[in-house]
Amino acid sequence: MEAQQPPPQSKSKYLFYGLTAVTVSSTLFLLPFIVTPALPRKLYGALPYQNTPSKHIKTALKLINNRIATNPPPNPTSLPPKKLKFVDLGSGAGEATILASFSNFDALGVEINPSLLLYSRAASVVSRSPCRFKSLNLINLPFQDYDVLFMFGVKPLIEQLKPKLISEVRIGGLVCLYRFKLTSMDEHFEVVGREGEVTIYERTSKRT
Ligand SMILES: C[S@@+](CC[C@H](N)C(=O)[O-])C[C@H]1O[C@@H](n2cnc3c(N)ncnc32)[C@H](O)[C@@H]1O
């Protein structure tokens, strides 16, 4: 008996649905990287995704490590010091977190966008980085658990974050900002490194 072939009409229907699914899913995945950055800024205003260029991440890690070398955190035990904890607040494609892990930090990236999380996790596997990525709104992260906070200022959040930075960043903790500055925070944060658009702040002991 001959096997029944689907009619040619339903074959092309499956092909159509298959192609639509592939197009929609790849557009969603590429949205933060290619689709939105390609839109004209004049029409669409501020674009949702921009990453810190690698050379600025490397500058940031160099400045952070210089500061830690000149001002090491206290180690009251006789055990070898633990790796310092680094977090990228809004880790995007994950490069800063991955490079921090290769710079001997216990590195975590927190990110709200699921396709960027997927991408960064894949990038960490490919690069064999021991870093981790967490799906989290950075507002809900306890900043006091980290030695170094890295952030390519998420503009709408920066003002909202100031009280959290003041109350949660531990004394001596470092905050590294690319592009953005912590204005009117001199009482709480001292600039301990700056090169180009990268600034490193240290939480001072003053409390209000
Ligand atoms: C300007 S990109 C910076 C990416 C990466 N940190 C870098 O420097 O290359 C900001 C990232 O923050 C993420 N983001 C924005 N608001 C967030 C929030 N409330 N919680 C977690 N991630 C957030 C965005 O999805 C985006 O990936």
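Residues numbered from 1 in each chain as written. Predicted model: local features only at pLDDT ≥ 70, side-chain atom pairs only at ≥ 80, totals over all residues.

Chemist: What am I meant to see in the overall build of the protein here?
Modeler: The helix and strand inventory of the protein stands at 6 helices and 7 strands. Each helix (α) and strand (β) of the protein, taken in turn from the N terminus, gives the series α-α-α-β-α-β-α-β-β-α-β-β-β. Across the 208 residues in the protein, those meeting the buried criterion constitute 29%. (Helix = DSSP H or I, 4+ residues; strand = E, 2+ residues; numbered from the N terminus. Buried ≥ 20, exposed ≤ 12 C-beta atoms within 10 Å, placed from the backbone.)

Chemist: Teacher, can you tell me more about the site of the ligand here?
Modeler: Taken together, 21 residues form the shell around the ligand, and within it Asn51, Thr52, Gly90, Gly92 and Phe152 come nearest. Those elements giving two or more residues to the shell around the ligand turn out to be helix H4 (95-102) and strand S2 (106-111). Tallied by class, the residues present in the shell around the ligand amount to 10 nonpolar, 8 polar and 3 charged. (Near = placed C-beta within 6 Å. Nonpolar A, V, L, I, M, F, W, Y, C, P; charged D, E, K, R; others polar.)

Chemist: Even after reading the chapter, I still don't get the sheet that holds strand S1 (residues 85-89), so can you show me in this structure?
Modeler: Backbone hydrogen bonds hold the strands of a sheet together, and the pairing may be parallel or antiparallel. Taking strand neighbours across the sheet as the criterion, the 7 strands line up as S3-S2-S1-S4-S5-S7-S6 in an open arrangement whose pairing is mixed. Pairing within the sheet leaves two strands with one partner each, and these edge strands are strand S3 (132-135) and strand S6 (189-195). Recorded for the sheet is a direction-independent mean angle of 20° between the axes of neighbouring strands. With 4 bridges connecting them, S2 and S3 associate as parallel partners. Each residue of the ladder has a partner; that of Val110, found in S3, is Lys134. Along the sheet, helix H5 (residues 114-126) contacts S2 and S3; its crossing angle with S3, the most-contacted strand, is approximately 165°. (Pairing = 2+ DSSP bridges. Axes fitted to C-alpha atoms, helices over the stretch in contact; angles between N-to-C directions. Contact = placed C-beta atoms within 7 Å.)

Chemist: Got a minute to help me understand the nonpolar core in this structure?
Modeler: Within soluble globular proteins, side chains that are nonpolar generally end up buried alongside one another. Judged by nonpolar contacts, the single largest core of 37 residues is most densely connected at Phe86, Val148, Leu149, Phe150, Val175 and Cys176. Contact partners of Phe150, with chain neighbours within four places excluded, come to Ala60, Phe86, Val87, Asp88, Leu89, Ala96 and Cys176. (Core = buried A, V, L, I, M, F, W, Y, C linked by C-beta atoms within 7 Å.)

Chemist: When you look at the packing of helix H3 (residues 54-70) against H4 in this model, what are you seeing that I'm missing?
Modeler: Packed helices, taken two at a time, are described by the angle their axes make and the gap between the axes. Where H3 meets H4, the axes come as close as 10 Å, and the angle between the chain directions of the two elements is 40°. By the angle between their axes, H3 is oblique relative to H4. Crossing of H3 over H4 shows right-handed handedness. Residues Ser54, Ile57, Lys58 and Leu61 of H3 form the contact with H4, whose participating residues are Glu95, Ala96, Leu99 and Ala100. Class assignment for the residues of the contact of H3 with H4 results in 5 nonpolar, 1 polar and 2 charged. (Parallel < 35°, antiparallel > 145°, perpendicular 65-115°, else oblique. Left-handed = near helix turned anticlockwise from the far one by under 90°.)

Chemist: Any chance you could explain the environment of Gly94 here in plain terms?
Modeler: Structurally, Gly94 is set in the loop between S1 and H4. Taking the C-alpha atoms as reference points, Gly94 and Arg121, separated by 27 residues in sequence, lie 7.7 Å from one another. Ignoring anything within four residues of it in the chain, the contact list for Gly94 reads Gly109, Ser120, Ala123, Ser124 and Phe133.

Chemist: Even after reading the chapter, I still don't get helix H6 (residues 155-168), so can you show me in this structure?
Modeler: The α-helix advances 3.6 residues per turn, and as a result positions three or four apart in sequence lie on the same side. Between its first and last C-alpha, H6 extends 20 Å over 14 residues, near the 20 Å set by a 1.5 Å rise per residue. Maximum bend of H6: about 50°, positioned at Leu161, with proline Pro163 one to four residues after it. (Expected span 1.5 Å × (residues − 1). Bend = angle between axes of the 7 residues up to and from the residue.)

Chemist: What should I look at first to understand unusual backbone geometry in this one?
Modeler: Excluding glycine, most residues fall at negative phi; most peptide bonds, likewise, are trans. Even without a glycine there, the phi angle at Arg128 is positive, about 55°. Within the secondary structure, Arg128 sits in the loop between H5 and S3. Positioned with a positive phi, Ser184 is a non-glycine residue whose angle comes to about 55°. Checked against the element boundaries, Ser184 lands in the loop between strand S5 (174-178) and S6. The class for Ser184 is exposed, based on 8 C-beta atoms found within 10 Å.

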